[in-house]
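# Examining the three-dimensional arrangement
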Amino acid sequence: MIVKLWGTRGSVASAGPQTARYGGNTACVEVRGEDGTLVVLDAGTGIQRLGNELEGDIHRIDILLTHLHMDHIQGLGFFAPIFRKGCEIHVWGPPSPTLHLRARLTRYLSPPLFPIRLRDLRANFEFHDAPLDSFAIGPLTVQADEVIHPGATLGFRISENGRSMTYLSDHEPALATANGNPGPEWVSGLRLARETDVLIHDAQYTQPERDERLGWGHSSVPEAIDFARAAQARQLVLFHHDPARTDHQMDLLVAEAESLAEGLPVTAAREGDVLVL
């Protein structure tokens, strides 16, 4: 299984010279199975570059959306395969008791927010409520579960041949309560992340920033490290970088994370990074 990062930023795209090394595009991660099966995690602005790199002979693409905030779907209308006749695109997202996933996405992919309607695109779309359980996409086993973030939000674990990666892009794990540390069954996302080989996890804030933003649905770097330890993850990749964070500030944040990690391999996600599991 090969994982490539196409968008690592959170909240809003912030491309420019000060964010060039870590990247300014919003969330998008490519996962390839050993047979070439293509799964895309989130459709932030990073998906536009991914689409331009894909060969025209790919006939099926599965897009797993954690949630429908704009920074996670804004690139979908600029994903080149949606304009290819015969391309089959399966979009998976959090279930809703009121509106089907297609109806919710149509609110964006239609005027006045987008010039072309979803029904006019050339690709063949299938929309699915992601089961809160395991399901298969080719040789890949996908597990989805609800996690803490404003609005219906999912995390995903993808496994193949005994190796796994877990993607918790927007996540406030709530590691402690007024009564102390909760049991592991109460920690959001822990079921997905337990003993995963690679954990890609929200780390948008420093701890002082996080203290002023409780309930906003994101984690600090120390919280991401604590969560990875609780899950016994083998590697942590800090993700969903604050749009105002410069490359220099990111370097300082990584140095702090390494000092806190105490033997846990930790890096900050950079656009273009490739992880081979």
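This structure is a prediction, so every number in the text was calculated from the model and none was measured.

This brings us to the overall build of the chain. Counting secondary structure elements, the chain contains seven helices and 14 strands. Considering only contacts within the chain whose residues lie at least 6 apart along the sequence, 67% involve residues at least 24 apart. On the chain, roughly 12000 Å² of surface is accessible, and the fraction owed to carbon and sulfur atoms is 51%. Each charge class in the chain was averaged separately, 24 positive and 36 negative side chains, and the resulting centres sit 6 Å apart.

The next point concerns the sheet that holds strand S10 (residues 163–168). Pairing within the open sheet is mixed, and its seven strands lie in the order S7-S8-S9-S10-S11-S12-S13. Both edges of this open sheet fall to strand S7 (134–137) and strand S13 (266–268), since each of them pairs with a single strand only. Averaged over all pairs of adjacent strands, the angle between strand axes in this sheet comes to 20°, irrespective of strand direction. Helix H7 (residues 247–261) rests against strand S12 (236–239) and S13 of the sheet, and its axis sits at about 165° to S13.

What follows concerns the layout of surface pockets. Estimates place the volume of the largest pocket at around 210 Å³. Around the largest pocket, the lining comprises 15 residues; the ones closest to its centre are His-67, Leu-68, His-69, Arg-104 and Ala-152. Residue composition of the lining of the largest pocket, grouped by class: nine nonpolar, four polar and two charged.

This paragraph deals with the sheet that holds strand S4 (residues 60–64). Read across the open sheet, the seven strands follow the order S6-S5-S4-S3-S2-S1-S14; overall the sheet is mixed. With one partner strand each, in any of the chains shown, strand S6 (124–129) and strand S14 (274–276) form the two edges of the open sheet. Direction aside, neighbouring strands of the sheet carry axes that sit 20° apart on average. The pairing of strand S1 (residues 2–7) with strand S2 (residues 28–32) spans five bridges and is antiparallel. Bridged to Val-3 within S2 is Val-31.

With that settled, consider unusual backbone geometry. Omega for the bond connecting Pro-111 with Pro-112 falls within 30 degrees of zero, at 5°, which places this linkage in the cis form. Tracing the backbone shows Pro-112 in the loop between helix H3 (101–106) and S6. The backbone phi angle of Glu-262 is positive, close to 50°, even though this residue is not glycine. Summarising the element assignment, Glu-262 is placed in the loop between H7 and S13. Taking relative accessible area as the criterion, Glu-262 reaches 69% and is therefore assigned exposed.

Turning our eyes to something else, we now look at the packing of aromatic side chains. Working definition: an aromatic ring pair is given by the centre-to-centre distance plus the angle between the planes. With the rule as written, the count across this model stands at five aromatic pairs. The interplanar angle of 20° and the centroid separation of 4.6 Å between the aromatic rings of Trp-92 and Phe-135 together place this pair among those described as stacked. In this pair, Trp-92 sits in strand S5 (residues 88–93) while Phe-135 sits in strand S7, placing the two residues 43 residues apart along the sequence. Just as Trp-92 is buried, Phe-135 falls in that class too. Both rings, one in Phe-125 and one in Phe-127, keep their centres 5.7 Å apart while their planes meet at 10°; by these two values the pair is stacked. For Phe-125, a relative accessible area of 12% gives the class buried. Here the aromatic cluster, defined as three or more aromatic residues joined through ring pairs, consists of Phe-78, Tyr-108 and Phe-114. Above the ring of Tyr-22, the side-chain terminus of Arg-270 is found at 4.3 Å from the ring centroid.

Glancing now at the side chain of Glu-160. Inspection of the secondary structure assignment puts Glu-160 in strand S9 (residues 154–160). Buried within the structure, Glu-160 lacks any salt-bridge partner; Arg-163 is the closest side chain of opposite charge, at an N-O distance of 9.6 Å. Only 3.1 Å separates the side chain of Glu-160 from the backbone nitrogen of Glu-34, close enough to count as a polar contact.

Cut-off values and rules
- Residues numbered from 1 in each chain as written.
- Predicted model: local features only at pLDDT ≥ 70, side-chain atom pairs only at ≥ 80, totals over all residues.
- Heavy atoms only, no water.
- Helix = DSSP H or I, 4+ residues; strand = E, 2+ residues; numbered from the N terminus.
- Contact = heavy atoms within 4.5 Å.
- Areas by Shrake-Rupley, 256 points an atom, 1.4 Å probe, with all protein chains shown as cover.
- Lys, Arg positive; Asp, Glu negative; His and termini not counted.
- Charge placed at Lys NZ, Arg CZ, Asp CG, Glu CD.
- Pairing = 2+ DSSP bridges.
- Axes fitted to C-alpha atoms, helices over the stretch in contact; angles between N-to-C directions.
- 1 Å grid on protein atoms, 1.4 Å probe; cavity = no way out; pocket = protein on both sides within 12 Å on 5 of 7 lines; lining within 4 Å.
- Points joined across faces, edges and corners; volume = space filled by probe spheres on them.
- Nonpolar A, V, L, I, M, F, W, Y, C, P; charged D, E, K, R; others polar.
- Buried < 20%, exposed > 50% of the residue type's maximum accessible area, 1.4 Å probe, protein only.
- Phe/Tyr/Trp six-rings, centres within 6.5 Å; stacked < 30°, edge-to-face > 60°.
- Lys NZ or Arg CZ within 6 Å of the ring centre and 35° of its normal.
- Salt bridge = Lys/Arg side-chain N within 4 Å of Asp/Glu carboxyl O.
- Polar contact = N/O pair within 3.5 Å; in protein donor to acceptor, adjacent residues only side chain to side chain.

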